[in-house]
Each structure stands twice: as structure tokens, then as C-alpha cells.
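Residues per chain, in single letters:
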Amino acid sequence: MKRLLVALLVIAMIVPLVAINAFAAEDEPDYFYVKNIGDTTTMSWKAKNILYKCPTRDDEWHLLEGSLEIAKGETVYFKGSNNTLFGSRVVFPAESQVDLGGDITTLLNEKGNVATLQESAFESLFKYNAAIRNINNLKFPSTTINKRTYCQMFSNCSNLELLPAEGIKAKILGEMCCFAMFSNCTSIKSIPNEFLPSAKLERACYANMFDGCSSLSTLPLNLLRALELRDECYAFMFRGTSIKEIPPAFLRSQKLAKYCYMSMFSGCKNLTTIPQSLLPARTLAPYCYMQMFESCTGIQNLPQKLLPATTLATACYMQMFCGCTSLKSVPSGFLPAKELVTGCYNGMFDGCTSLTNPPTAGSMTTDSGITVAVAGAIAAIGIAAGVYCMKGQKKTNE
């Protein structure tokens, strides 16, 4: 009986300790980490207030003092106490191979899960690092970000393949917050679903985000959710990628802004078709579609109801299909607007050398208020009698 009582007493003492330890393990922050998947390498980073821990060496936190050697197969965890890391940059030798993971905000606050990030908090932090291979386990939990927070963060990481599986959680954005974040990451092939959940945009927030990602070949349907756009918000976003098609209803906004779609898909040479429902807006903004599909040399035909807008704006379609050398025809009724404005069709089909039937426009209003019928065709290099639709005059493309 005494032995049984002793045994029960021991169990009663152990169980709470196990529970406490389990709770502590669950509550520990998901620290940002670097995992070396290649040969021994050296990480250089002249940042303040950064501590690191390598469990294969010891279980202590040490102050990072400029550089750190990481052996093959080692994982090193980091934490810090900073408002911003702008001005410091993590550098690995180009021949290295590393993966990044964990909560990126533990570099600013060791508890992580920071809700609001400051201006330029992670700007250019990993820029020009060919060593970085995958960041699919890297987490961006902040729901509010500010001006340039993630600007150029992974720009020119040419071997980066896998993006964060959980996406960028921010729903409240700042100007240029993700500008060129992954630009020229030439090994990225796809973007995870639900990657950009925000429905409220700011100026140039996603501009150039995947610009020059030449291996990117597919786009998820629900990537862009906003119904009201901001100036330059999607400008150059997918320029020079290898996308073959754009999902139907990929762009849903009825309220556009200056330069919002400028060069968004320019230079996408593998793009062969454009969905008819892509551009639903009926009232346009200045320069909104400027060079949107410029030099998309795989496009041969355009859907009849691609451009339903009846209220135009200054230079709204300027050079929209410029350099689409395989474009052969444009359907009748392609441009339904009855009244034209300054530069609305300026160079819309410049350089479309295979185009045999450039569309005719409706009319335009002169400075004196007289409505003039536009008898000529819209400008296209190699096709005579083109009209630039400059306010108050007709100009033949020479």
C-alpha cells in the first residue's frame, strides 16, 4: 500500500511538470531560421541587436557580430529587438545553398507575430542573394504594413524557387510596400493560392512585384482581390514572365486609377490569349492600360468584348498592344466608346506588323466643342492613315 501511495504521489508530481513543459514548447516563438542545405558557408550581416542559436552546438543565445559560419546541414535560429532592419543586408556567398523559414518578425521582436510593421522594416534585406533556394516555410504574419516595408526584399535572388506557402498576410498596406519584392527572381515558377489577401490597395503597393520572373508560368485565380485600385498599384507586376494564360476574372475592378495596369503583362511572350472578361471597367482613368500587353508577341487575336469601357480618359489605351507582332486581326466593334479624349488611342497598335484590319474609332471632341467623326484607322506601324486621337486634331502615323 505504501509503495502504491508513493507511486501515485510521484505521478501526481510529474504530470503537472510535463504539462508545463508541453505548454512552454507550444508557446515558444517560431523563430526565423537559416538552414544550410549546401557546403559550409559564411553568413554576413551587420545588424544591431540580433541574437542567434544553433542547437547542434549549444542551447544558448549569442550576439551576432558581423558574420557567422554555418556548417552543412546546420539550422541556425535568430531573434532581435529592432524597429527596422533597413540599412543592413544579409549576404551569403553566391555558391551557397540555404533555405529560410520561421516568423520573419522575430527579427524585430523575439516574441514574433508582430501585427504592425514600420516603414522600410525589411527593405532590401535579402536582395541579390543567389544562395537562397526556398522560403516556403517563411511566415509573414503582420496584418498591417507601411511604406516600403517589404520593398525589394528578395529582389534578384536568382535561384529562389518556392515562395511562402502561407502568403503575405497583410490586409492594410502602405505605398510601395511590396514594390519589386521578388523582381528578377528568375527561378520562381508559380505563386501559391491566397498569396495576397488584401482587398484595399495603396499607391504602387504591388508594382514590379514579379517583374522579370522569367520562369513564372502560371497565375492563381484569386491572387488579386481589390475592387478599387490605386495609382500604379499593379504596374509592371508580371512584366517579362512566362505566363501562358491569364485566369478569367483575374482583374475584377470597376474603379481604376492612374497607371494602375501600366505594363502589367508587357513582354510576356508566351501569352497567346486574353480572356474576354479580363477588363470589366466601363469608366477609365488616365494611362490605366498604357503598354499593358506591349511586346506580347504570342497574341494573335483579341476577344471582341475585351474593352467594354464607354467613358475614356487621357492616354488610357496608349501603346496597349504596341509591338504585338503576331496580332493579325481585331474584331469589329472592339472600341465601343463614342467620344474620345486626348491621346486615348495613342500608338495603341504601333509595331503590330501582322495586323491587317486596324479598328476604326467613334468620334472625338475638338477644343472648340465640335464633334468630329474619325474616318481613319488607329495608328499601327506599316498601316497607312492611322489616327492618334490627340484632342482637337487628327494625325496620320508616319
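The structure reproduced in this document is the subject of the present report.

About the criteria used
Residues numbered from 1 in each chain as written. Predicted model: local features only at pLDDT ≥ 70, side-chain atom pairs only at ≥ 80, totals over all residues. Heavy atoms only, no water. Pairing = 2+ DSSP bridges. Helix = DSSP H or I, 4+ residues; strand = E, 2+ residues; numbered from the N terminus. Phe/Tyr/Trp six-rings, centres within 6.5 Å; stacked < 30°, edge-to-face > 60°. Buried < 20%, exposed > 50% of the residue type's maximum accessible area, 1.4 Å probe, protein only. Core = buried A, V, L, I, M, F, W, Y, C linked by side-chain atoms within 4.5 Å. Contact = heavy atoms within 4.5 Å. Polar contact = N/O pair within 3.5 Å; in protein donor to acceptor, adjacent residues only side chain to side chain. Salt bridge = Lys/Arg side-chain N within 4 Å of Asp/Glu carboxyl O.

This part covers the pairing of strand 3 (residues 50-53). Sheet topology places strand 3 next to strand 6 (residues 75-80); four bridges connect them, and they run antiparallel. When the sheet's bridge partners are listed, Ile 50 is paired in strand 6 with Gly 80.

Right, let's get into the sheet that holds strand 6. Spatially, six strands are ordered 4-3-6-1-7-8 in an open sheet, and the strand pairing comes out mixed. Each end of this open sheet is capped by a strand with a single partner; those strands are strand 4 (62-63) and strand 8 (132-139). Pairing geometry for strand 3 and strand 4, over two bridges, is antiparallel. Each bridged residue has a counterpart across the sheet, and for Tyr 52 the counterpart in strand 4 is His 62.

Applying the stated criterion across every chain yields a total of 25 aromatic pairs. A centroid spacing of 4.8 Å and a plane angle of 10 degrees characterise the contact between Tyr 259 and Tyr 287, whose relative ring orientation is stacked. Residue Tyr 259 is located in the loop between strand 8 and strand 9 (339-340), and its partner Tyr 287 is located in the loop between strand 8 and strand 9; the two are separated by 28 residues in the primary sequence. With a relative accessible area of 27%, Tyr 259 lands in the partly exposed category. A residue is classified by how much of its surface remains accessible, and Tyr 287, at 25% relative accessible area, is partly exposed.

Our focus in this paragraph is the nonpolar core. Judged by nonpolar contacts, the single largest core of 113 residues is most densely connected at Phe 154, Phe 182, Phe 265, Tyr 289, Phe 293 and Phe 321. Within the residue set of this core, elements represented by two or more residues are strand 1 (32-36), strand 2 (41-45), strand 3, strand 5 (66-70), strand 6, strand 7 (98-103) and strand 8. In terms of residue count, strand 8 provides more of this core than any other element does, three residues in total. Contacts of Phe 293, omitting those with residues within four sequence positions, involve Ile 246, Phe 265, Ser 266, Leu 271, Ile 274, Leu 278, Ile 299, Met 320, Phe 321, Cys 322 and Cys 324. Formed by nine residues, the second largest nonpolar core is a distinct cluster that contains Ala 207, Phe 236, Met 262 and Met 290.

A separate point is the side chain of Ser 120. Of note, Ser 120 is situated in the loop between strand 7 and strand 8. Here the side chain of Ser 120 touches Glu 123 through a polar contact of 2.8 Å, side chain to side chain.

With that settled, consider the pattern of salt bridges. For the structure shown, the criterion picks out 11 salt bridges. A salt bridge links Glu 74 to Arg 57; its shortest N-O distance comes to 2.8 Å. One end of the pair, Glu 74, is in the loop between strand 5 and strand 6; the other, Arg 57, is in the loop between strand 3 and strand 4, with 17 residues separating them in the sequence. In this structure Glu 74 comes out as buried when scored by relative accessible area, which is 11%. With a relative accessible area of 42%, Arg 57 lands in the partly exposed category. One salt bridge in this structure joins Arg 230 and Glu 228, with 3.2 Å as the shortest N-O distance.

No statement about biological role is implied by the geometric values presented.
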